Amino acid sequence: AQSVSQHNHHVILSEAASLELGCNYSYGGTVNLFWYVQYPGQHLQLLLKYFSGDPLVKGIKGFEAEFIKSKFSFNLRKPSVQWSDTAEYFCAVNTFGAGNKLTFGGGTRVLVKP
Amino acid sequence: DAMVIQNPRYQVTQFGKPVTLSCSQTLNHNVMYWYQQKSSQAPKLLFHYYDKDFNNEADTPDNFQSRRPNTSFCFLDIRSPGLGDAAMYLCATSRRSGTTDTQYFGPGTRLTVL
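The shown structure was predicted, so the numbers you read here are calculated from the model rather than taken from an experiment. (Residues numbered from 1 in each chain as written. Chains lettered and ligands numbered in written order. Predicted model: local features only at pLDDT ≥ 70, side-chain atom pairs only at ≥ 80, totals over all residues. Heavy atoms only, no water.)

Q: Just give me the short version of the overall build of chain A, but keep the residues and values in it.
A: Helix and strand content of chain A: zero helices and 12 strands. Going from N to C terminus, chain A has its helices and strands arranged as β-β-β-β-β-β-β-β-β-β-β-β. A globule of 114 residues ought to have a C-alpha radius of gyration of about 13 Å, and chain A, at 14 Å, matches this closely. The burial tally for chain A puts 50% of its 114 residues in the buried class. If you take every contact in chain A between residues at least 6 apart in sequence, the share linking residues at least 24 apart comes to 56%. (Helix = DSSP H or I, 4+ residues; strand = E, 2+ residues; numbered from the N terminus. Rg over C-alpha atoms; globule rule 2.2 N^0.38 Å. Buried < 20%, exposed > 50% of the residue type's maximum accessible area, 1.4 Å probe, protein only. Contact = heavy atoms within 4.5 Å.)

Written out as structure tokens, the structure is:
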């Protein structure tokens, strides 16, 4: 069965620091890749997605992610975080030909200190 | 604005007392999903409707049922809630087309079982 792993459960950093969250998945077929963000008390929101084409995708709020097919990875980055980026971040993979379901990673809680 | 709406936002029920959660969407999406999310965990897919076709996850307890009377509405019925069913229940929708499928989430219903 396909799986998605996020490398860090918790990340604490200061404002203006750079952020990189790792995500790896295990499925060799066609995939759609997503990062969702869940701000405290709010619902899951789509941050960015990758279907095909340029492996470097840009999302909302200055986030970007890079798909590296050979490494089965889809890491999320932001060059300079703000306090308002405090949230939980979920990587998710939609696998086609294997049930066509969205599988989430375990999530990474990011705390940005002002 | 087009969106995914869930009612109620908070639901309190008693052990064993049936409860129904509601989801509606104005996106005219053909797929509707129900997820269970427990504290500090990733969302877990319970089932989904692809148009009128119901797709149950293998590990979803029989206690959970769903109905989709039309394109816009989908209901989650918990026949006999147990304490372990206390969670956030998320509805999501998508317009599945070929090998692309992006899910949009509602705000969730937080279920408390007394």
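Q: An account of the pattern of salt bridges is requested, with residue identities and associated values reported.
A: Taken as a whole, this structure holds eight salt bridges over all chains when the rule is applied. In this structure, R67 of chain B engages D77 of chain B in a salt bridge whose closest nitrogen and oxygen atoms are separated by 2.7 Å. Taken together, the residues R67 of chain B in strand β7 (residues 64–67) and D77 of chain B in strand β8 (residues 73–78) connect sequence positions 10 residues apart. Classification of D77 of chain B by relative accessible area gives buried; the value is 13%. In this structure, a network of salt bridges that share partners links the residues K58, E64, E66 and R77 of chain A. (Salt bridge = Lys/Arg side-chain N within 4 Å of Asp/Glu carboxyl O.)

Q: Which residues make up the side chain of H48 of chain B, and what values go with them?
A: All names here are of chain B. Following the sequence through the fold, H48 ends up in strand β5 (residues 44–50). Assessed through its relative accessible area of 7%, H48 is described here as buried. The residues contacting H48, other than those within four sequence positions of it, are V31, M32, Y33, D53, F54, N55 and R96.

Q: Lay out the side chain of T102 of chain B in plain terms, naming residues and giving numbers.
A: Assignment of secondary structure puts T102 of chain B in the loop between β9 (87–94) and β10 (104–105). Within polar-contact distance, the side chain of T102 of chain B engages the side chain of K49 of chain A at 3.3 Å. In this structure, T102 of chain B is in contact with F34, L46, K49 and F51 of chain A together with T93, S94 and R95 of chain B, ignoring residues within four places of it in sequence. (Polar contact = N/O pair within 3.5 Å; in protein donor to acceptor, adjacent residues only side chain to side chain.)

Q: Which residues make up the interface of chain A and chain B, and what values do they have?
A: Chain A puts 20 residues into the contact, and the matching count from chain B is 20 residues. Buried area between chain A and chain B, both sides added, is near 1600 Å², and the carbon and sulfur share of it is 54%. For the pair chain A and chain B, the number of links is zero salt bridges. Where chain A meets chain B, there are six residue pairs in polar contact (both at pLDDT 80 or more). If you list the elements that add at least two residues to the side of chain A that touches chain B, you get β5 (31–38), β6 (45–50), β10 (87–95) and β11 (102–104) of chain A. The dominant element in the side of chain A that touches chain B, judged by the number of residues it contributes, is β5 of chain A, at four residues. For the side of chain A that touches chain B, the class distribution of residues is nine nonpolar, eight polar and three charged. (Buried area = accessible area lost by both parts, 1.4 Å probe. Nonpolar A, V, L, I, M, F, W, Y, C, P; charged D, E, K, R; others polar.)

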